[in-house]
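Read off the chains here:
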Amino acid sequence: MSTAARPEPTLVGRGAELDDLDDLLSAVAGGAASTVLLEGESGVGKSALVGALRGGTRLLDLDLCVARADPADSRPLALLARAVLDRSAHAAPRTADPGPLGDELAALLVTLGDGHLAPPAPALVQRASALVAALVRHRGERHPWVLVLEDLHQADDASLQVLLRLAHDGAVPRTLVLATMRPVPYRPALADVVTAWTRAGARYLELRPLASRAAVQLAERLVGGSLGPALRGTVATTGGNPQLITDVVQTARATGALVEVGGIHDTPDPAWLPTLDAVVRGRLDYLPAGVRDLLADASVLGTSFVIADVAALAGDAVPDCWRTLRHAMAAGLVQARGDRLVFRHELVRGALYDGLDPADRRDLHARAARVLHRAGAPSHVVGVHRDRAR
Ligand SMILES: Nc1ncnc2c1ncn2[C@@H]1O[C@H](COP(=O)(O)OP(=O)(O)OP(=O)(O)O)[C@@H](O)[C@H]1O
Ligand SMILES: [Mg+2]
């Protein structure tokens, strides 16, 4: 049979995760209840995975509601109100009408306003929260459904409170609740929700970066052919992060660096790489500034570095430095190897290094030479830093 007519699979390298989630969809269509907490580093493909479930929900005649937490929306209960009231968000509006409770909630939310002018009256928030909780908990009685809560790490506090309360009553009947979140920035209120849902039997799914073969496959799909050595090398620095792989290909294309010779796609001229570095730095905006700055200092030490050395370089006490670096570990940007930390994406390290002010970078190299010399590093390593300090 010709493969030309076969539709291209939407996702690369996520067969196991999709199978898992498809099983849960079938179970919910059969009347079961499930909660899944899908966590993974920025750009790893959480939304793409959730998006790939659409076909399955249609096939199984499940209602689907996708609500995304929006940090710009300061209304109390913004996330969950969107989930239970926005009829357009439902795949099957016939079963989604929230009824009189929904009408009461909508009216209350208007009274509550956006919270900018005055803090909302606690009694009103409490009533609205009770309504939202009831609407979520009883929605499945009309029809089994999938409630996707995207980017829970930036959900409003009142919605997190409701989720906490819902967890105490166990999984939501005839519902698959699927929440996506980044591990950083850490929020105690979210950690409480995750703990409560874990106790209520939620499944925790950590979405890992793509394996190197799948990473190349994704890049090949994006360029529409095989990769030449230079482009393959850049893709290898992405640590299997689909967003970074996409950034590499899109930036190569946008800068005109991507050329095709005999069906091989490559970027022989490296002049586009500083543009790519700037794009990658933009992907780190979500990190607390202290974490980003410390990683930028560490970038001077190379792909892997000793924690005590970066602490000395930054002029921090080791425990303080460690506390900051733990956020970078949670974000999936560095990983521990004994007493060293290793940048997971060389592309990110390079972008941070490239982003340092040249005078600051020279100063950091001079300090690195002193720190490493004192710590007994080999003279050729110290020499490299001295050279770069000039
Ligand atoms: N397995 C995959 N196959 C093909 N493309 C993918 C895959 N995973 C992600 N992508 C693409 O990579 C990009 C980033 O993915 P996505 O937005 O899903 O990441 P995310 O984990 O939701 O990120 P964020 O933390 O920013 O919400 C998107 O363009 C998406 O289409
Ligand atoms: Mg996402």
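Rules and cut-offs
- Residues numbered from 1 in each chain as written.
- Chains lettered and ligands numbered in written order.
- Predicted model: local features only at pLDDT ≥ 70, side-chain atom pairs only at ≥ 80, totals over all residues.
- Heavy atoms only, no water.
- Helix = DSSP H or I, 4+ residues; strand = E, 2+ residues; numbered from the N terminus.
- Buried < 20%, exposed > 50% of the residue type's maximum accessible area, 1.4 Å probe, protein only.
- Contact = heavy atoms within 4.5 Å.
- Areas by Shrake-Rupley, 256 points an atom, 1.4 Å probe, with all protein chains shown as cover.
- Lys, Arg positive; Asp, Glu negative; His and termini not counted.
- Charge placed at Lys NZ, Arg CZ, Asp CG, Glu CD.
- Polar contact = N/O pair within 3.5 Å; in protein donor to acceptor, adjacent residues only side chain to side chain.
- Expected span 1.5 Å × (residues − 1).
- pLDDT = per-residue confidence, 0-100.

With respect to the overall build of the protein
Helices and strands together make up the secondary structure of the protein, namely 19 helices and 11 strands. If you line up the protein on its principal axes, its C-alpha atoms span 75 × 60 × 35 Å. Buried residues in the protein amount to 46% of all 390 residues. Put simply, of all contacts in the protein between residues at least 6 apart along the chain, 74% involve residues at least 24 apart. Of the roughly 18,300 Å² of accessible surface on the protein, a fraction of 54% belongs to carbon and sulfur atoms. Computed over 42 positive and 44 negative side-chain charges, the inter-centroid distance for the protein is 2 Å.

Things to note about the environment of Arg 390
If you trace the backbone, Arg 390 turns up in the segment after helix H19 (379-388). Judged by relative accessible area, which is 71%, Arg 390 ranks as exposed. Separated by 25 residues in sequence, Arg 390 and His 365 have C-alpha atoms that sit 8.9 Å apart. Only 3.0 Å separates the side chain of Arg 390 from the side chain of Asp 387, close enough to count as a polar contact.

Some details on helix H12 (residues 242-254)
Because an α-helix completes one turn every 3.6 residues, residues spaced three or four positions apart along the sequence face the same direction. The terminal C-alpha atoms of H12 lie 18 Å apart, and with 13 residues this matches the ideal 18 Å at 1.5 Å per residue to within 8%. Along H12, the positions that sit buried rather than exposed are Pro 242, Leu 244, Ile 245, Thr 246, Asp 247, Val 248, Val 249, Thr 251 and Ala 252. Contacts made by the buried residues of H12 are with helix H10 (212-223), helix H11 (229-236), helix H13 (273-282) and helix H17 (346-355). Measuring from the backbone nitrogen of Gln 243 back to the side-chain oxygen at the start of H12 gives 2.9 Å, which picks out Asn 241 as the cap. Following H12 by one or two positions, Gly 256 has its phi on the positive side, about 80 degrees.

Focus on the confidence of the model for the protein
Across the protein, the average pLDDT comes to 92, with 94% of residues at 70 or higher. Low pLDDT (under 50) marks residues 1-8, which in the prediction has two contacts with non-local residues, meaning those over four places away or in another chain.

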